[in-house]
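Below, each chain spelled out in residue letters.
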Amino acid sequence: MEPTVHDAPEAERYEIREGDRLLGLAAYQRRGERVVFTHTEIDPDAEGSGHGSRLVRAALDDVRRQGGRVVPACSFVRGWIERHPEYGDLVDRDS
């Protein structure tokens, strides 16, 4: 089964799941059009599998689709964007 990423707005996070198993999450706070990513966590048993990268990419793609901006307060998200400059335009540099 291929892991999938979805937004769980009631929990203020994006989740990556394999069936019912939560593999990781990217917590956020919405502030108008801004999405402040505050924390990213991957299940220790799933580390090194690329799930963190897949999670962040899907979350950022979703923010882009919605016309939002990103504040990468989380060091994992910030580092991921630095390694993928094609996502740099999403960063809200005024906050």
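The structure presented is a predicted model; accordingly, all values stated were derived computationally and were not measured.

About the criteria used
Residues numbered from 1 in each chain as written. Predicted model: local features only at pLDDT ≥ 70, side-chain atom pairs only at ≥ 80, totals over all residues. Heavy atoms only, no water. Pairing = 2+ DSSP bridges. Helix = DSSP H or I, 4+ residues; strand = E, 2+ residues; numbered from the N terminus. Axes fitted to C-alpha atoms, helices over the stretch in contact; angles between N-to-C directions. Contact = heavy atoms within 4.5 Å. Polar contact = N/O pair within 3.5 Å; in protein donor to acceptor, adjacent residues only side chain to side chain. Salt bridge = Lys/Arg side-chain N within 4 Å of Asp/Glu carboxyl O. Buried < 20%, exposed > 50% of the residue type's maximum accessible area, 1.4 Å probe, protein only.

Colleague: Break down the sheet that holds strand 1 (residues 4–8) for me, citing the residues and quoting the values.
Modeller: The strands that make up a sheet are held in pairs by hydrogen bonds between backbone atoms, and each pair lies either parallel or antiparallel. Overall, mixed pairing links the five strands, which are arranged 1-2-3-4-5 in an open sheet. With partners counted over all chains shown, the strands left at the sheet margins are strand 1 and strand 5 (69–72), one partner each. The mean angle between the axes of side-by-side strands here comes to 30°, regardless of whether they run parallel or antiparallel. Where strand 1 meets strand 2 (residues 13–18), five bridges bridge the pair, whose relative direction is antiparallel. The residue of strand 2 that forms the bridge with Val5 is Ile16. Its contacts with the sheet put helix 2 (residues 75–83) on strand 4 (34–42) and strand 5, and the angle it makes with strand 5 is roughly 120°.

Colleague: Summarise the side chain of Glu15; cite the residues concerned and give the values.
Modeller: Along the chain, Glu15 falls in strand 2. Engagement of the side chain of Glu15 in a polar contact is seen with the side chain of Arg17, the distance being 2.9 Å. Apart from the residues lying within four places of it in its own chain, the contact partners of Glu15 are Thr4, Val5, His6, Ala8, Leu22, Gly24, Leu25 and Leu55.

Colleague: Which residues make up the pattern of salt bridges, and what values do they have?
Modeller: Following the criterion strictly, the structure yields nine salt bridges and no others. Arg17 is the partner of Glu15 in a salt bridge, and the nearest nitrogen-oxygen pair spans 2.9 Å. You can call Glu15 buried: its relative accessible area is 5%. Between Arg64 and Asp89 there is a salt bridge, with its nearest N and O atoms 2.7 Å apart. One end of the pair, Arg64, is in helix 1 (residues 51–65); the other, Asp89, is in the segment after helix 2, with 25 residues separating them in the sequence. Residue classification places Asp89 among the partly exposed positions, given a relative accessible area of 45%.

Colleague: Account for unusual backbone geometry, naming residues and giving values.
Modeller: Residue Glu12 is not a glycine yet carries a positive backbone phi of 55°. Structurally, Glu12 can be placed in the loop between strand 1 and strand 2. Using a relative accessible area of 40% as the deciding quantity, one classes Glu12 as partly exposed.

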